[in-house]
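# Tertiary structure, described
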Amino acid sequence: MTETPLLSIRDLKTYFYTYEGVVKALEATSFDIWKGETFGLIGETGCGKSVTALSVMQLIPQPPGRIMSGSILFNGVDLLKEPEKTLQQLRGCAISMIFQEPMTALNPVYNIGRQIAEVILLHKDLTEVPQKNTRNPITHRRIQRARKKRAFEKAIEALDMVKISDPKKVARQYPHELSGGMRQRAMIAMMLACDPDLLIADEPTTALDVTVQAQILDLMKELQHRKGTAIWLITHNLGVIAEMCDRVGVMYAGYIVEIGKTEKIFENPDHPYTRGLLRSIPLIMEERQRLEIIPGSVPNLITPPEGCRFHPRCKYQMDICKTCAPPLVEVEPDHCVACHRFADVKYSVVGEEEKHG
Ligand code: SF4
């Protein structure tokens, strides 16, 4: 790993102002993603995984959403302080995002090749095409046509890279003509066409059947290996995380509650919520009578519980848990937990190093 994180999120707080009340979706979320690594974010539905990614991309609908505070450093630049124009240049180029259902992300009225070519035209220097400024409208149109043609050829190359058979034909097809797996491949081709530094994949395989899931994951790994892209994988599929990720963060009700190396988290989780999550999945290698469940459900984030948001569901709760939110503390190198049971561990508070000097 390099010394400076590619993405560094600190104390990110995102709220949604609805008619029912203020939804406190993210509270003081802090974590890093390093160049070239695969980082997984897990947690139950509604715990804030997608809101974190959308906050980074600044795609939170405003209103009702609002990023209240915090910082999002990407390559050392605070995205929350950058103008929209800079963010537009970053999106799709330095940071790309794959959504769960490609059918809703692709434009139904343009063919696949044109949609990928558009991204290339926006973000890539097509240096092989003459760029000369001209006032002659005929020459200008000719140059534009040459640029579009070259971008379309590059779109076909991108489709070939994600192993779509007959990429020339697929480039001329529309999203509704492709299967779910092919649409997701086309999305990946579009996202990788500009060699992003960070690829955010929000439930990229949830809508696909198991064999296609495996192919898409292999493809992402292979492309990461080839291009050195960091992947931020958001999913509730723990099997996918175990197979793909170097490090994993566990989210609960807007907080990161545990973060560390994947083997460590899976073999010996410390936070009661992480333990509950991992014990609720069946292991085919072990004989087990009954799967454990986490009692209760994710709290309503308009009126979340005081203190540790997990306390109403936690069998280890203490008095302090009901009034005071536990900080994320480093319990061993590269392993942090937010739980009062680890309060007397000699720690550094993640996300508050600056305040402690
Ligand atoms: Fe349970 Fe308290 Fe730890 Fe929260 S802080 S997980 S309630 S023991």
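Further up the page is the structure itself.
So, a few notes on the structure that sits alongside this text. What you see is a predicted model; the values in this text were computed from it and never measured.

In terms of regular secondary structure, the chain is built from 12 helices and 12 strands. The proportion of buried residues among the 357 residues of the chain is 50%. Considering only contacts in the chain between residues 6 or more positions apart, those separated by 24 or more positions represent 65%. With an accessible surface of roughly 18,300 Å², the chain has 52% of that area assigned to carbon and sulfur atoms.

Turning our eyes to something else, we now look at the sheet that holds strand E5 (residues 77-78). Spatial ordering of the open sheet is given by E2-E1-E4-E5, a layout of four strands whose pairing is antiparallel. Each of the sheet's edge strands pairs with one partner strand only, and the pair in question is strand E2 (22-33) and E5. With eight bridges joining them, strand E1 (residues 7-17) and E2 adopt antiparallel strand pairing. Its bridge partner lying in E2, Leu-7 is registered against Ile-33. Each of E1, E2 and strand E4 (65-74) touches helix H1 (residues 49-57); the most contacted strand, E1, lies at about 105° to it.

Turning to the sheet that holds strand E12 (residues 335-337), a few remarks are in order. Within the open sheet, the eight strands sit side by side as E6-E7-E8-E3-E9-E10-E12-E11. Their pairing is mixed. Pairing within the sheet leaves two strands with one partner each, and these edge strands are strand E6 (95-98) and strand E11 (329-332). On average, each strand axis in the sheet is tilted by 20° relative to the strand beside it, whichever way the strands run.

Within the largest apolar cluster, 58 residues are counted, with the highest numbers of intra-cluster contacts made by Ile-116, Leu-159, Ile-188, Met-220 and Tyr-273. Here the element with the most residues in this core is helix H7 (residues 180-192); it accounts for seven residues. If sequence neighbours within four positions are ignored, Ile-188 has contacts with Ile-98, Val-162, Ile-216, Leu-219, Met-220 and Leu-223. Counting residues in hydrophobic clusters, the runner-up holds 37 residues, among them Ile-60, Leu-79, Leu-90 and Ile-234.

Cut-off values and rules
- Residues numbered from 1 in each chain as written.
- Predicted model: local features only at pLDDT ≥ 70, side-chain atom pairs only at ≥ 80, totals over all residues.
- Heavy atoms only, no water.
- Helix = DSSP H or I, 4+ residues; strand = E, 2+ residues; numbered from the N terminus.
- Buried < 20%, exposed > 50% of the residue type's maximum accessible area, 1.4 Å probe, protein only.
- Contact = heavy atoms within 4.5 Å.
- Areas by Shrake-Rupley, 256 points an atom, 1.4 Å probe, with all protein chains shown as cover.
- Pairing = 2+ DSSP bridges.
- Axes fitted to C-alpha atoms, helices over the stretch in contact; angles between N-to-C directions.
- Core = buried A, V, L, I, M, F, W, Y, C linked by side-chain atoms within 4.5 Å.

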